[in-house]
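The lines below spell out each chain.
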Amino acid sequence: MKTYLEKLINRNDLTLDEMKNATEYCLSAAATDAEIASLLTALQGKGETGEEVAGIVEVIRSRSTFQTKPFPDAIDNCGTGGDKSYSFNISTTSAFVLAGAGITVAKHGNRSITSKSGSADVLEELGVSLSLTKGHVEELLYENKIAFLFAPNVHEALKPFTKVRKDLGIRTIFNVIGPLTNPIELDTQLLGVYSKDLLPMLAESLKTLGRRRAVVVTGAGNVDEATLSGENHLIVLNEGELTELTITPEEVGLPRYSKEDIMGGDAKRNAEILLNVLNGKKGAYYDTVLLNAGLGIFTNGKAQTIQSGIELARESIESGAALEKLQQLITFSQKIPSEVY
């Protein structure tokens, strides 16, 4: 560990294997809190690379008991959080629209950290269980096309890092890697992040992790979702090639709204918004979900353009397919206590 720390302090990057070795050490009984804190702060001070992010992610995923065999078209659309926009649960609502469009969605998420309601909070309010086992998740992905993976349940081995992060109280590599640690073997991924400066690094990490297709996006106003308030910055990964794009609402045939128009509230309020959108209630929330779900459908490759992805997203909502995916997930959750797995 001393060698790795000296490299980082001298502002030299760790290789993929070095980062994996350092992470494995931090998760061992030999590591001290001081060593773990030194690694996190040294990485933060230097600035993390795509390889360093991929290295820590590979180790975290390997420790999860929820790892499954690959699902050929599986996607996650989880964002990093941290934008303090207090918007409604955009990616969670969009996930049901993706599933309604026939795409397998392994939705990874947590409770609120910087917002009033995280994905876990709003889903729990709707009646979705946060205690799904690996068997439940696999069954849901096969049968219902969508399952929720509650981060604390699938990453129980991370306790050494959790304690140190709490003690440090500063931004670390863990503030951006959450979406990447989904234990399901993903083929494609839509990843929102709060700063466009982080787009290249995260795109490189997705490439290193072997995603076939992926989109990393920062919305107008530094939101970790695509928004309809201005210019969205994207990097598209397709078969190893990275391409930078910007999109505005006008370019995809949607109206503009301010950030205030998509403000959310607590879990109860955000659950109400989610249900309104899936029931087809028009307005800023609905159009924002169209944009993000359309972007997810494009990312997955089911649509060749973002605009055609938006039309498939609209069809998913208007046909009732998106709402049905939510209802089936709730029904499944209600059966869990009486079933033996």
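Preceding this section is the structure that the text describes.
K.L.:
I'd like to hear about the nonpolar core, residue by residue, with values.
P.N.:
Within the largest apolar cluster, 71 residues are counted, with the highest numbers of intra-cluster contacts made by Leu-295 and Leu-326. The greatest single-element share of this core, amounting to 9 residues, is contributed by helix H13 (residues 284-300). Once residues lying within four places of it in the same chain are set aside, the contact partners of Leu-295 are Leu-190, Val-215, Val-217, Ala-226, Leu-234 and Ile-306.

K.L.:
Would you mind going over helix H11 (residues 199-208) in detail, with residue names and values included?
P.N.:
If you check which residues of H11 are buried, you get Leu-199, Met-201, Leu-202, Ala-203, Ser-205 and Leu-206. On its buried side, H11 packs onto helix H4 (50-63), helix H10 (174-177), strand E4 (188-192), strand E5 (213-218), strand E6 (232-238) and strand E7 (241-247).

K.L.:
Any details on the packing of aromatic side chains? Residues and values, ideally.
P.N.:
A full pass over the atoms with the stated rule returns 3 aromatic pairs. For the ring pair Phe-71 and Tyr-142, a centre distance of 4.8 Å and an interplane angle of 50° mean the geometry is tilted. Of this pair, Phe-71 sits in the loop between H4 and strand E1 (75-76) while Tyr-142 sits in helix H7 (residues 134-143), and the two are 71 residues apart along the sequence. Among the residues examined, Phe-71 registers a relative accessible area of 4% and is labelled buried. The class of Tyr-142 is partly exposed, set by a relative accessible area of 48%.

K.L.:
Please give an account of empty space enclosed by the protein that cites residues and values.
P.N.:
Scanning the entire structure with this criterion turns up 5 cavities of 30 Å³ or more. Its volume calculated, the largest cavity comes out at about 60 Å³. Listing elements by their share of the lining of the largest cavity, those giving two or more residues are helix H5 (90-100) and E4. When residues of the lining of the largest cavity are assigned to their parent elements, the largest contribution, 3 residues, is made by E4. Here the residues of the lining of the largest cavity are counted per class, giving 4 nonpolar, 6 polar and 2 charged. The space that makes up the second largest cavity amounts to roughly 40 Å³. What lines the second largest cavity is simply Thr-227, Leu-228, Ser-229, Tyr-257, Ser-258, Lys-259, Ile-262 and Thr-288.

Criteria and cut-off values
Residues numbered from 1 in each chain as written. Predicted model: local features only at pLDDT ≥ 70, side-chain atom pairs only at ≥ 80, totals over all residues. Heavy atoms only, no water. Core = buried A, V, L, I, M, F, W, Y, C linked by side-chain atoms within 4.5 Å. Buried < 20%, exposed > 50% of the residue type's maximum accessible area, 1.4 Å probe, protein only. Helix = DSSP H or I, 4+ residues; strand = E, 2+ residues; numbered from the N terminus. Contact = heavy atoms within 4.5 Å. Phe/Tyr/Trp six-rings, centres within 6.5 Å; stacked < 30°, edge-to-face > 60°. 1 Å grid on protein atoms, 1.4 Å probe; cavity = no way out; pocket = protein on both sides within 12 Å on 5 of 7 lines; lining within 4 Å. Points joined across faces, edges and corners; volume = space filled by probe spheres on them. Nonpolar A, V, L, I, M, F, W, Y, C, P; charged D, E, K, R; others polar.

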